[in-house]
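Coordinates in review
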Amino acid sequence: MDYFLLFAALGVVLLVNVAEKSVERERRRVSERAPTGGGHNLSHYELAYLSGGPRRAINTALAVLARAGAVRVSRGSQVTAVHGARPSPVPIEQAVLDALAARPGGYRAGELRRELETHPALVGLAGDLQARGLIVPEEAFGTAWRRRKLQKAAVGVAAGFALLVVALAAAGLAAEDPVFLGVLFFAAIALFSGLAALARQRRRLRNVLTREGHEVLRSARGHHPRGVSDQSSLALAVGIPVALYGLQDAGDQSLCDELSAGDPGGDCAGACGTYGGGDGSTFGSDSSGGFGGMDFGGGSSGCGSSGCGGSSSSCGSSCGGGGSSCGGSS
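Residues numbered from 1 in each chain as written. Predicted model: local features only at pLDDT ≥ 70, side-chain atom pairs only at ≥ 80, totals over all residues. Heavy atoms only, no water.

It is worth spelling out the pairing of strand E2 (residues 78-81) at this point. Walk down a regular strand and you will see the side chains alternate between the two sheet faces. With 4 bridges joining them, strand E1 (residues 71-74) and E2 adopt antiparallel strand pairing. Paired with Val-73 across the two strands is Val-79, which belongs to E2. Between the antiparallel neighbours E1 and E2 lie 3 residues, among them Gly-76 with a positive phi of about 85°. Relative to strand E3 (residues 107-108), E2 runs antiparallel, the two being bridged by 2 bridges. Its bridge partner being in E3, Gln-78 is matched across the sheet by Arg-108. (Pairing = 2+ DSSP bridges. Helix = DSSP H or I, 4+ residues; strand = E, 2+ residues; numbered from the N terminus.)

Given below as structure tokens:
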């Protein structure tokens, strides 16, 4: 019986492994298409969305507007409009101003992010990035999510088998010899590796940047190293650093602290936001170790010494001497 259980345990390990590989193959098929090689001239808000989704884009707008004196962030993370602030030509900035104007007492920063995360300005930003092939359409992972249901079933089998082995051991029906210890070992491996794989694929399927999206984000971060900012415009001095690296790079620690106050997802210390809040899609890094998509965490992509006109402008010049456009894919 011990040998039968050992072969069964090995079979469960194999089942869990095959189930994850099936999900991973489909995920890679969708998200890891080769880059087109074309340049992408992205605004700082588009880079923010790539790097941290709606949350990072809204944080970038708040930081830019606060530094411009159009909004005030007070103690307790309360955001209010400054009387007489001029309208902004940038849709996401105007969305912030409109929301604050409609609520004289203002919003706490977390409330404002939740209010705006599905605003047409953010939806349009996502649509443009999707059209450029930088983020994966939500429905594209449908097959992978269905395969993940089969992966869940495989982990359920592993859990059931582990319980059976423990019950047999408790009832004294299995011999206490090295073979049964092997059964226990492989049963545990199947269960815990299966649970880890479920969590891993759940995270990867929410990492919605395409391979090209990651290339663009890496390129932008290469052109705008952390800690180096161009003070010629708000877009370069504030917008790009916050877009690419988070509120902690806004150049104002008190602003960072207040915008993150009381928010478990706050990125003042470098944590990244989530799409749709809570457990939503993530952008900006690839936890899978390859290409694939994390926290919506990275302007107009200004390059080197080229300047951008203002907080709403994007760089029209090429980066370096190679002629690739700002934030372009390498």
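Turning next to the environment of Ala-70. Turning to its location among the elements, Ala-70 is positioned in the loop between helix H2 (44-68) and E1. Separated by 10 residues in sequence, Ala-70 and Thr-80 have C-alpha atoms that sit 9.0 Å apart. Setting aside its immediate chain neighbours within four residues, Ala-70 contacts Leu-65, Ala-81, Val-82, Ala-85 and Leu-97. (Contact = heavy atoms within 4.5 Å.)

Oppositely charged side chains may form a pair once their charged atoms are brought near each other. A full pass over the atoms with the stated rule returns 9 salt bridges. Linking Arg-27 and Glu-24 is a salt bridge whose minimum nitrogen-to-oxygen distance equals 2.8 Å. One end of the pair, Arg-27, and the other, Glu-24, are both in helix H1 (residues 2-31), 3 residues apart, so they sit about a helical turn from each other. Across the pair, exposure class does not vary: Arg-27 and Glu-24 are buried alike. Its salt-bridge partner being Glu-26, residue Arg-29 comes within 2.7 Å of it at the nearest N-O pair. With a gap of 3 residues between them, Arg-29 and Glu-26 both fall in helix H1, about one helical turn apart. (Salt bridge = Lys/Arg side-chain N within 4 Å of Asp/Glu carboxyl O. Buried < 20%, exposed > 50% of the residue type's maximum accessible area, 1.4 Å probe, protein only.)

The next point concerns a nonpolar patch on the surface. Taken together, Tyr-3, Phe-7 and Leu-10 make up a surface patch of nonpolar side chains, about 360 Å² in accessible area. Looking at Leu-10, the relative accessible area reads 37%, which means it is partly exposed. (Patch = residues over 30% accessible without salt bridge, like charges linked within 9 Å, V, L, I, M, F, W, Y side chains within 5 Å. Areas by Shrake-Rupley, 256 points an atom, 1.4 Å probe, with all protein chains shown as cover.)

This model, assessed by the stated rule, comprises 1 aromatic pair. The interplanar angle of 75° and the centroid separation of 5.2 Å between the aromatic rings of Phe-185 and Phe-186 together place this pair among those described as edge-to-face. One Lys or Arg, Arg-103, reaches over the ring of Tyr-107 and ends 4.2 Å from the middle of that ring. (Phe/Tyr/Trp six-rings, centres within 6.5 Å; stacked < 30°, edge-to-face > 60°. Lys NZ or Arg CZ within 6 Å of the ring centre and 35° of its normal.)

In the contact formed by H2 and helix H3 (residues 91-101), the axes pass within 9 Å of each other and the chain directions differ by 50°. When the interaxial angle is binned, H2 and H3 end up oblique. Remark: the crossing between H2 and H3 carries right-handed chirality. Note on element contacts: H3 touches H2 through Ile-92, Glu-93, Val-96 and Leu-97, opposite His-44, Tyr-45, Ala-57, Ile-58, Ala-61, Leu-62, Val-64 and Leu-65. (Axes fitted to C-alpha atoms, helices over the stretch in contact; angles between N-to-C directions. Parallel < 35°, antiparallel > 145°, perpendicular 65-115°, else oblique. Left-handed = near helix turned anticlockwise from the far one by under 90°.)

When the UniProt feature table is mapped to this numbering, "transmembrane region" (unreviewed entry) covers residues 6-23, 153-173 and 179-199. Annotated as 100% helix and 0% strand, the span residues 179-199 places its first and last C-alpha atoms 30 Å apart. (UniProt positions renumbered as here; feature names shortened; annotations may be inferred.)

Inspection of the secondary structure puts Lys-21 in helix H1. Each C-alpha atom of the pair Lys-21 and Ala-197 lies 9.6 Å from the other, and the pair is 176 residues apart in sequence.

Before going further, it helps to examine helix H6 (residues 142-170). Between its first and last C-alpha atoms H6 spans 42 Å; for 29 residues at 1.5 Å apiece the expected length is 42 Å, and the two agree. Looking at H6, one finds that the buried residues are Ala-144, Arg-148, Gln-151, Ala-154, Val-155, Ala-158, Phe-161, Ala-162, Val-165 and Leu-168. (Expected span 1.5 Å × (residues − 1).)

Moving on to the sheet that holds E1. The strand order across the open sheet formed by 3 strands is E1-E2-E3, and the pairing between neighbours is antiparallel. Bordering the open sheet on either side are E1 and E3, each of which pairs with just one other strand.

What follows deals with the environment of Ala-81. Considering the arrangement of structural elements, one finds Ala-81 in strand E2. Note on Ala-81: relative accessible area 36%, which makes it partly exposed. Sequence spacing of Ala-81 and Gly-106 is 25 residues, and the spatial spacing of their C-alpha atoms is 7.1 Å. What Ala-81 contacts, discounting residues up to four positions off in sequence, is Ala-70, Val-71 and Leu-100.

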